[in-house]
Amino acid sequence: MEQTNNGGETAKRPVFLTVLCILSFIAAGLGILGYITLIGAMGMVSAVSSGMEGMEGMENMEGMEGLSSAMASAPSAGMTWAYIIVGFLTTIVSLFGVIKMWKLQKSGFMLYVGATVVSIIMSIVYSGFGAAIFGIVIGGAFIVMYGLNMKHLK
């Protein structure tokens, strides 16, 4: 729990910062697993949909009317891939920022804030403000809580 400074003296990480970092490590780990799963699922959906493109008369098949209308209202595949890629990258960058804050480095806070803000903006663009409220509140709360620990970062 103690860090060594350049001058040989030891700096102690506050318990509050330690708890925040551990929660962020858990969230980033779950996020990375979720994005890897999502990438696999999108790959399977892309493979299935490309196989279905050759089928003629799909609209006339029984039970497919709802599927075709749901697909028409869904975001484009390009937008979905952009959201997944940006989300995955911001999760990695925020994890790197948390690791730096764990080591009591101030630059980690800037990385974390930047990645969180980009993630919030992307979720608003992709799903709208109403659906992004949870991410805004949680992301903002963690930024504020990490900001309260800035005095301990070097």
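Remember, it's a predicted structure, so these values are computed and weren't measured experimentally.

Each value, and the rule that gives it
- Residues numbered from 1 in each chain as written.
- Predicted model: local features only at pLDDT ≥ 70, side-chain atom pairs only at ≥ 80, totals over all residues.
- Heavy atoms only, no water.
- Helix = DSSP H or I, 4+ residues; strand = E, 2+ residues; numbered from the N terminus.
- Buried < 20%, exposed > 50% of the residue type's maximum accessible area, 1.4 Å probe, protein only.
- Contact = heavy atoms within 4.5 Å.
- Areas by Shrake-Rupley, 256 points an atom, 1.4 Å probe, with all protein chains shown as cover.
- Core = buried A, V, L, I, M, F, W, Y, C linked by side-chain atoms within 4.5 Å.
- Axes fitted to C-alpha atoms, helices over the stretch in contact; angles between N-to-C directions.
- Parallel < 35°, antiparallel > 145°, perpendicular 65-115°, else oblique.
- Nonpolar A, V, L, I, M, F, W, Y, C, P; charged D, E, K, R; others polar.
- Phe/Tyr/Trp six-rings, centres within 6.5 Å; stacked < 30°, edge-to-face > 60°.
- Lys NZ or Arg CZ within 6 Å of the ring centre and 35° of its normal.
- Expected span 1.5 Å × (residues − 1).
- Polar contact = N/O pair within 3.5 Å; in protein donor to acceptor, adjacent residues only side chain to side chain.

Student: Tell me about the overall build of the protein chain, and please be specific about residues and values.
Tutor: Broken down by element type, the protein chain carries five helices and two strands. What you see in the protein chain, going N to C, is helices and strands ordered as β-β-α-α-α-α-α. Looking at the protein chain as a whole, 28% of its 154 residues qualify as buried. By sequence separation, contacts in the protein chain at least 24 residues apart represent 70% of the contacts at least 6 residues apart. Surface summary for the protein chain: the accessible area is close to 9500 Å², and the carbon and sulfur share equals 71%.

Student: Could you give an account of the nonpolar core, naming the residues involved and the relevant values?
Tutor: By size, the foremost hydrophobic cluster in this structure holds 15 residues, and its most contacted members are M101, F109, Y112, Y146 and L153. Mapped onto this core, the elements with two or more residues apiece are α1 (15-52), α3 (77-102), α4 (107-127) and α5 (133-147). Those residues within four positions of L153 in sequence are excluded, and the remaining contacts are L17, M101, L104, Q105, K106 and F109.

Student: I'd like a rundown of the packing of α4 against α5, residues and numbers included.
Tutor: Two elements in contact, α4 and α5, have axes whose closest approach is 10 Å; the angle formed by their N-to-C orientations is 170°. Taken together, α4 and α5 sit at an angle that is classed as roughly antiparallel. Listed contacts from α5 to F109, Y112, V113, T116, I120 and I124 of α4 are G135, I136, G139, F142, I143, Y146 and G147. In the contact of α4 with α5, the residues fall into nine nonpolar, four polar and no charged.

Student: Account for the packing of aromatic side chains, naming residues and giving values.
Tutor: Think of a pair of aromatic rings as described by two things: how far the centres are apart, and how the planes are tilted against each other in angle. Scanning the entire structure with this criterion turns up five aromatic pairs. Taking the centre distance of 4.6 Å and the plane angle of 15° together, the rings of Y83 and Y126 count as stacked. Remark: Y126 occurs in helix α4 and Y83 occurs in helix α3; sequence separation between them is 43 residues. Among the residues examined, Y83 registers a relative accessible area of 23% and is labelled partly exposed. Note on Y126: relative accessible area 25%, which makes it partly exposed. Grouped by ring-pair contacts, the aromatic residues Y112, F142 and Y146 constitute a single cluster. Geometry around W102 places R13 over its ring, the cationic atom sitting 3.7 Å from the centre.

Student: Can you break down α4 residue by residue, with the values?
Tutor: Across its 21 residues, α4 extends 30 Å between first and last C-alpha, which sits within 8% of the 30 Å expected from 1.5 Å per residue. Following α4 by one or two positions, G128 has its phi on the positive side, about 90°.

Student: Please provide a residue-by-residue account of the side chain of R13, values included.
Tutor: Looking at the secondary structure, you find R13 in the loop between β2 (10-12) and α1. Within polar-contact distance, the side chain of R13 engages the backbone oxygen of W102 at 2.9 Å.

Student: I'd like to hear about the environment of S24, residue by residue, with values.
Tutor: When you line up the elements, S24 lands in helix α1. Using a relative accessible area of 7% as the deciding quantity, one classes S24 as buried. Residues S24 and S94 lie 70 residues apart in sequence; the distance between their C-alpha atoms is 8.6 Å. Not counting the four nearest positions on each side in its chain, S24 is found in contact with V98, Y112, F142 and Y146.

By themselves, these figures tell us nothing about what the structure is for.
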